[in-house]
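Per-entry structural report
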Amino acid sequence: MAHTPYNGSSQRPAGLSEAARLELIETAKRYPIKRSAVLHGLRLVQREAGFVTEAGMRDVASLLEMTPHEVYDVATFYTLFHLRPKGEYLIQVCRTLPCALGGAESLLSHLEQRLGIREGQTTPDGKFTLVTVECLAACGKAPVMQVNDDYHEAVTTEQVDRLIEQWHRTPPVQDAGNASTRGKGRG
Amino acid sequence: MAEVVLFRNRDLPGYTGSLADYERQEGYAALRLMFKQYPPAELIELVKRANLRGRGGAGFPTGMKWSFLPKERTVTYLCCNADESEPGTFKDRELMTVDPHQMIEGIVIASYAIGAHAAYIYMRGEFASEAVIVARAVQEAYKAGYLGKNILGSGFDLELTLHRGAGAYICGEETALLESIEGKRGLPRSKPPFPATHGLYGKPTVINNVETLASLPHILRRGAEWYASIGSPPKSPGTRIFSVSGHVKRPGNYEVPMGITFRQLIFDLAGGMKSDRPLKAFIPGGASASFFTPDHLDVKMDFDEVAKAGSMLGSGGVTVMDDSVCMVWAAANLLRFFHHESCGKCTPCREGSNWLLRVLRRIEHGQGRLTDLDLLPQVCGNIAGRTVCAFGDAETAPVVSTLRHFRAEYEAHITRKECVMGHARPPVDAATAHPISFAGH
Amino acid sequence: MTTLKSPVTLTIDGKSITVEKGTYVIDAARQAGIHIPYFCSHVKLAPDANCRMCLVEVEKMPKLQTSCNLPVAEGMVVRSTSEKAEQAHKSVMDFILANHPLDCPMCDQGGECELQDRTHAYSDNYSHYTEAKRLPEKRYFSPYIEREMSRCITCMRCVRYCDEVLDVKAIAAVNRGDRVEISTFMDRELDCEFCGGCVQICPVGAFTNRVALYDYRPWQLKKTETVCAYCADGCTLTLESKVSENQIVRVTSDWEKGRNLGDLCAKGFFGYHMINSPERVAAPMIRQDGRLVEWPWIEAIEAAAQRLSEIKRRYGAEAIGGVISARCTNEEAYLFQKLLRLAIGTPHVDSSARDGHLNSVRALTRVAGHGRMTAPYEAIEAARVVMVIGADLTETNPITALKVKAAVRKHGANLITVGPYLKEIGPISNLVNLSQAPLTVTPGSESMVVRALVKAVVEERLIEPSVAAQAQTYVARVEAAVTQLPWPVAEARTGLSADAIKAAARSLSGAERAVVLFGPELTRQAGGYDAVCALADLAILTGLYSKPGSGLNPLCEENNEMGVVEMGAAPEFLPGLIDVRNEAARLRLREAWKEELPSATGWSLTQMLEEARQGRLKALYLVGEDPLGSLPASSGVRQALQSLELLICQDPFLTETGRLAHLVLPAAGFAEKEGTFTNHEGRVQRVRRALEPVGEALPDWDIFGQLAAGLGHPLDYASAGEITDEIRRVLSDRPDGRIDGAVMAQYLADLTAEELEARYRPGPGAASERGRGGGSMTLVISQSLFHSGKLSRRASELMRIEPEGRLQLNPSDAERLGVEDGDMVRLRTMDGSASREAVVPAVRRAKIAPGFCRFPGHFPEAGVKELVDWSVDPVTQTPYFRSGRVMIEKAVGAAATASVQAAAREGV
Ligand SMILES: Cc1cc2nc3c(=O)[nH]c(=O)nc-3n(C[C@H](O)[C@H](O)[C@H](O)COP(=O)(O)O)c2cc1C
Ligand code: SF4
Ligand code: FES
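Structural notes, computed from the coordinates. (Residues numbered from 1 in each chain as written. Chains lettered and ligands numbered in written order. Predicted model: local features only at pLDDT ≥ 70, side-chain atom pairs only at ≥ 80, totals over all residues. Heavy atoms only, no water.)

Brief notes about the interface of chain B and chain A
Interface size is often expressed as the accessible area that is lost when the parts come together. At the interface, 67 residues of chain B touch 47 residues of chain A. For the pair chain B and chain A, the summed buried area comes to about 4,700 Å², and 56% of that belongs to carbon and sulfur atoms. Linking chain B to chain A there are four salt bridges. Of the charged contacts in the structure, one is a salt bridge between A:Glu153 and B:Arg93, with a shortest N-O distance of 2.8 Å. Counting residues per element, the side of chain B that touches chain A draws most heavily on helix α13 (residues 327-341) of chain B, which supplies eight residues. Taken together, the residues that form the side of chain B that touches chain A break down as 34 nonpolar, 19 polar and 14 charged. (Contact = heavy atoms within 4.5 Å. Buried area = accessible area lost by both parts, 1.4 Å probe. Salt bridge = Lys/Arg side-chain N within 4 Å of Asp/Glu carboxyl O. Helix = DSSP H or I, 4+ residues; strand = E, 2+ residues; numbered from the N terminus. Nonpolar A, V, L, I, M, F, W, Y, C, P; charged D, E, K, R; others polar.)

So this is what it looks like as structure tokens:
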């Protein structure tokens, strides 16, 4: 059995980009321990690769002085991290009680019909993945779905149809919400 | 109705929540006042006198929480709880997007009061555009000298960092939140020791909800006495934002003085029942609170009155259900939520949420047994009060309260396979029914 | 009853009890003989309170409380058997059992399962749960450890142990809620230290020993508590064997016993197959017509005695020498030197402790009267500052390393590591990771670091006041001596800044309790003796010898190095570390033994080989020693052995040296005999017999007795215990680990300015000292966590874990050479015009400093040992053959094939 270091690899398969590495190193400086930046690191991996890749987790581990196992254990706890590739558009339908009262079930079945897939599946062209999620904190405008990073509130079936049309034609824009905050002091 | 405090800028025409807009509405005036007039100890006294109680769920008096910090301490942290994940609650989201500087000012005030030089906003990961807004506001505040070194020439330093979660309801629980900032799984810690002595990175820490912190500038500017006198004094003063969802005509956030009745909130403010069907049940304070029935409509919305009536004001999320809603279905829906979100640390919560969910689903699908009606409260009794955090109690609330108020409906499901929603659904093979997914990802 | 520092009195189940403040209720109950049920709680771990089984009722507290993390309070009234508490216990059992499978009949944990036992005691006899059971998918985990997640109760003991105790973190919880499983990164095959801790600490059968899978029912195994025979950490093991098959089935260790308190390393946990190895020598063998043939014991002994007598008659007793392995028991070492000194009458007796440990013993005995650790494990754990120098402790002494880890992780000690090592987070723990300011030094400069530390202590006025007051002459002489070592030279040689060295010196001398541990990269390198002497200066000056809880700790390699020397298996020491030249002490021994003993100082192992080559040593009696296998050819060992008229090898295995022997005597292994081992702390621990010896093998002491009888000089003992008794009697007045104040006073007074000056003279640079090979990389032959000498080579599971030696390189060096893990590299040295080389696989290790490379010494066939420099210490005769300078290149094409490796294996 080979006891190889976790971080000794010189030829790494696509992990974090140089820019993301720098960003992660900077982010880690906001905390007394590097490990605090692990969620951000995983978010960067997911932003770049579309899902949380093995190489990405190894990179996060070595940059934050963690074992890959520790990174993996964190990644599997939080539901926003996906360890497998997903469609270009990740449609997340909230189905917790307030949304369920507001028609989440019919929204879901409409989506299933429209996309020709069941909850949890991805369209064969890799365009859409349909999942259900728990409360998104937008219950005042049920039903709610989050597509990639964007909330769609009080959605009607007509709206959904229009959106799907539109998405079929265009690739998603890079999500804006992953910007991390930094004070001017450390830029 | 009485005056609006936290949302006072929300409906101003053209108000964008930018620093300039906020400053035009006396933004950061409280901060200047504070540095001029209030040494930290007096500030804590002020908040105590205002009798501000936490808006995150437990309603713990904020001033008292601050004074639990040990006298001798080197590093202190403040965490702003912006995880907002209690189903039915969506007030912090609006507070942060409409007026982010109000929260930031509150954070600086609280940090100054407790002597924290580093503060973290823990925001749920799903909030992406919200994160952009708050991040921008934080940057503005740094630029304007409201954050960073020597704030407004006071000599006080504060580094504020936005820390985003990644999808875990439990991280709203204060100690799980700390674990999450430390880069770990969000598993609640056993208390004691409390965060006041062993918090973030083992250092004394205060965790306050967004709304709690956002109230601070107003208390400073207008005085403790003013605050203590509005709402439902003496025990529940101030205004509070209630998130109304479900079967009402005008769902949304309503800032009202504490102490109005549920009837006023649901029927006067939220426009009453959608489709004019009768009210059947409502949850008074987020999914962790016990269900109420129309009999409770005249209960005053104040911490103690709601508790006396058998539920809790919790996070301020009021979810309204009309008579088309099956209570077994509603309970099962929430149990699915709790089962999905249980962190898995404590045996009773981990195993109990699975157990309750499976039994409820069986009943919902017409495969219930009358003995289940004894089993459910028994299992709940074995969970509540026996876990590390209050999640265990929370997951039993929907079951116990719907069983208490709507037992006949459960019985109908079991004996007559009848349901208001046209359930009970077709029976399925018990062995393979409702597999609970392992994948999760 | 012992007195408590801050007593707290409380009542549990009506019983009033007084315990130390800070005790948890569950432990207080245990002290009172009350058992509160639990799962996640464990003596080795900080409480986590996740299982919720230990709930109790506490007066004035509305909710039930978990007793595992509830500190006692004065006047507290606790009930663990009230109706409410008992109901809670039942309900938690109901929850745990809800999804637990009923595969107990074939679960290896059956019979020692905490869940099984508690179910019996605390649950209703049926489950209220009638829903479908959750069934996690079964997936492959590791060849050594079996994982069955359906049995897991998520107590997290394994994960917590791997983190809190081992600092390895190879396993983690994945997913959340009731989907939690224990797994590795991306569900890969487990890669870790294989300490077996997760198997041992799991309360159920979720982790079991796969090597023994389905081989046993625990209650059928005979359990023998003994001491591990691999390293000097001295772990207590329970050998569990099947009597009918005379086989060890598995090894366990009791959490509350021994110096290791249940912790083991891979050698202890998985290394037991060497005992029942098929390669064991089963019968005596005699060389006949150039071949070794089996022979009956009686005649073999007779032959040995006859030939020894003949050599003695022809050349005198001094033509005979003997060397015993430091893996033998104290009793055997004691009897061996008696056999040689009394029955044969030769002073030439030595042991494998010569190989480095004698440097420590000689220096420290001179200073403090003995060579043991002066700060035992408990003191290491409690120390405020720990310095580890000249050892990659995880690899050399994994359990001692755990004590250091505990000092840092549990008690917040400041750890200073000194060596050519960097941080590396990998499957094997790394003390450097726990050091806030590790001193990463130029390889081979450890002894220079020691000298520089002494200089810093002197110059920065960090001398312990009592020492400064009492030993003014000594202090003045040291002060003078260190002036010869200018800071720029120290900095250039060590690669450290003077400030870093001064900071370390300040920590050491300023600490209330400080412990320094030192190992092979100091003691087994040229100048080892002087280095230990300098380290003793450091210890004296910083007060390590005088501050309570502080100490200077030599690390040993083989399990009984400390013991064999103390038993007199050394030419310079009689039993009890008595200098052979000490007439008065000799006289006392003569009285005890009622016999004359040779008066001359004997030859060391290295001298014996030299004398054999010169034809003055005619017979060599090797017990468990294999110089041909361990020493490089440049030592001339083969020629020496071939010059002998008689070579007797007594060993459990046929070694390389054994193949040259005239007589091979089969010895019992540690599991087949009784006696004692002394670990490097100086703890004498009982070794117990678990098995009948393989074939006709006999315990070494038994063979010595028979040989003595054959020589007409009976040394009669009916059992090893009788020898133990004699040792106790003879050595009753010998040092017990305390510092001998008189010895130290004498030492400080006697130490001359000249000697001190020589000690601190920088001499030629390290690079040129070791630079004979001419290469640019410093090679060190090291120890591996998974091996111990060559004994572990006989343990099948350890050979599976680490089957071959790999040259460890810094990734930057590897990149420069274009080498990936597993690629073959050629190491070369030039000695004049002669070039020697070896071709071995390489592996990148971020912890290895650039310019440094190391190769595990357990794989001599790779030929790497032929590349190092050979020298012998002028004072202690310690042979040095662990380092050299080499050139490294990638071995390309045909050169990278196994056949070339085989060629290299032949040596030069
Ligand atoms: C399971 C659970 C979830 C919680 N989620 C939230 C949350 O999303 N937001 C929040 O502010 N408080 C939440 N809390 C309450 C916090 O633990 C804590 O009491 C609160 O942040 C304190 O702030 P306050 O004193 O300002 O109310 C939660 C508590 C529990 C037990
Ligand atoms: S959690 Fe468990 S064992 Fe654990 S101890 Fe308590 S509860 Fe106890
Ligand atoms: S229930 Fe859907 S957003 Fe809250």
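Now that the structure has been shown, the text picks up again.
Regarding empty space enclosed by the protein
One simple way to see leftover space: roll a probe sized like a water molecule over the atoms. Applying the stated rule across the entire model yields 19 cavities of 30 Å³ or more. Estimated volume of the largest cavity: approximately 180 Å³. Around the largest cavity sit 17 residues that line it, and B:Glu351, C:Arg134, C:Met149, C:Cys152 and C:Thr154 are the ones nearest its centre. Classifying every residue of the lining of the largest cavity gives seven nonpolar, five polar and five charged. Among the elements of the structure, α4 (157-165) and α5 (197-201) of chain C are those that each provide at least two residues to the lining of the second largest cavity. Taken together, the residues of the lining of the second largest cavity break down into 12 nonpolar, two polar and one charged. (1 Å grid on protein atoms, 1.4 Å probe; cavity = no way out; pocket = protein on both sides within 12 Å on 5 of 7 lines; lining within 4 Å. Points joined across faces, edges and corners; volume = space filled by probe spheres on them.)

A look at the site of ligand 1
Residue and element names in this part refer to chain B. Close contacts around ligand 1 come from 19 residues, with Gly 56, Lys 65, Asn 81, Asn 209 and Thr 212 the closest. Contact between ligand 1 and Thr 212: an oxygen atom at 2.6 Å from a side-chain N or O atom of the residue. Here ligand 1 has 610 Å² of accessible area as a free molecule, and 89% of this is covered by the chains. Looking at the shell around ligand 1, the element that brings in the most residues is strand β4 (residues 205-209), giving three residues. Across the shell around ligand 1, the residue classes tally to four nonpolar, nine polar and six charged. (Near = heavy atom within 4 Å. Polar contact = N/O pair within 3.5 Å; in protein donor to acceptor, adjacent residues only side chain to side chain. Areas by Shrake-Rupley, 256 points an atom, 1.4 Å probe, with all protein chains shown as cover.)

What about the sheet that holds strand β2 (residues 118-123) of chain B?
Within a sheet, adjacent strands bond to each other through the backbone by hydrogen bonds, running parallel or antiparallel. Residues and elements named next belong to chain B. Read across the open sheet, the four strands follow the order β3-β2-β1-β4; overall the sheet is parallel. Strands with a single pairing partner mark the edges of an open sheet, and in this sheet they are β3 (159-164) and β4. Adjacent strand axes in the sheet meet at a mean angle of 20 degrees when their direction is disregarded. Taken together, the six bridges between strand β1 (residues 77-82) and β2 define a ladder with parallel strand orientation. Within the sheet, the bridge partner assigned to Cys 80 lies in β2 and is Ile 121. (Pairing = 2+ DSSP bridges. Axes fitted to C-alpha atoms, helices over the stretch in contact; angles between N-to-C directions.)

Here we look at the packing of helix α3 (residues 40-50) of chain B against helix α9 (residues 210-222) of chain B
All names here are of chain B. Relative to each other, α3 and α9 sit at 95 degrees, their axes nearing to 11 Å. Relative to α9, the element α3 is oriented roughly perpendicular. The segment α3 lies against α9, with Leu 43, Leu 46, Val 47 and Ala 50 engaging Leu 216, Ile 219 and Leu 220. Residues belonging to the contact of α3 with α9 are distributed by class as follows: seven nonpolar, no polar and no charged. (Parallel < 35°, antiparallel > 145°, perpendicular 65-115°, else oblique.)

Considering the interface of chain B and chain C
On the chain C side, the residues contacting the 36 residues of chain B number 35 residues. When chain B packs against chain C, the two sides together hide about 3,100 Å² of surface, and 48% of this comes from carbon and sulfur. Remark: the boundary between chain B and chain C carries four salt bridges. Here C:Arg176 makes a salt bridge to B:Glu341, at a shortest N to O gap of 2.8 Å. Those elements that place two or more of their residues in the side of chain B that touches chain C are α13, α14 (347-364) and α15 (372-383) of chain B. If you tally residues by element for the side of chain B that touches chain C, the top one is α14(B), at 10 residues. Taken together, the residues of the side of chain B that touches chain C sort by class into 13 nonpolar, 14 polar and nine charged.

Points about helix α7 (residues 157-169) of chain A
All names here are of chain A. Over its 13 residues, α7 extends 19 Å from the first C-alpha to the last, a length consistent with the 18 Å expected when each residue adds 1.5 Å. Listed in full, the buried residues belonging to α7 are Val 160, Leu 163, Ile 164 and Trp 167. Projection of α7 onto a plane perpendicular to its axis shows the buried side chains occupying an angular sector of 100 degrees, all on one side. Away from its buried face, by an angle of more than 90 degrees, α7 presents the exposed residues Glu 158, Arg 162 and Arg 169. Contact partners of the buried residues in α7: β1 (89-94), α6 (104-115), β2 (128-133), β3 (145-147) and β4 (150-152). (Expected span 1.5 Å × (residues − 1). Buried < 20%, exposed > 50% of the residue type's maximum accessible area, 1.4 Å probe, protein only. Arc of directions from axis to C-beta.)

Considerations on the sheet that holds strand β12 (residues 247-252) of chain C
Residue and element names in this part refer to chain C. Taken in spatial order, the three strands of this open sheet run β10-β11-β12, and their pairing is antiparallel. Since the sheet does not close on itself, it has two edges, and those belong to β10 (222-227) and β12, each with one partner. Pairwise comparison of adjacent strand axes, ignoring direction, gives a mean angle of 35 degrees for this sheet. In this structure, strand β11 (residues 236-242) lies alongside β12, joined through five bridges in antiparallel fashion. Residue Glu 240 lies in a different strand from β12, and its bridge partner there is Arg 250.

Examining the pattern of salt bridges
Summed over all chains, the structure comprises 121 salt bridges over all chains. Note that A:Arg58 and A:Glu54 form a salt bridge whose closest N and O atoms lie 3.2 Å from each other. Of the two residues, A:Arg58 and A:Glu54 are both situated in helix α3 (residues 54-63); the distance of four residues between them amounts to about one turn of the helix. On the basis of relative accessible area, A:Arg58 is assigned to the partly exposed category, the value being 27%. Two residues, B:Glu305 and B:Lys308, come together in a salt bridge whose shortest N-O distance is 3.3 Å. Here B:Glu305 and its partner B:Lys308 are both found in helix α12 (residues 303-308), three residues apart, which amounts to about one turn of the helix.

Comments concerning the site of ligand 2
As a structural note, the neighbourhood of ligand 2 is formed by C:Tyr38, C:Phe39, C:Cys40, C:Ser41, C:Ala49, C:Asn50, C:Cys51, C:Arg52, C:Met53, C:Cys54, C:Thr66 and C:Cys68. Broken down by class, the residue content of the shell around ligand 2 amounts to eight nonpolar, three polar and one charged.

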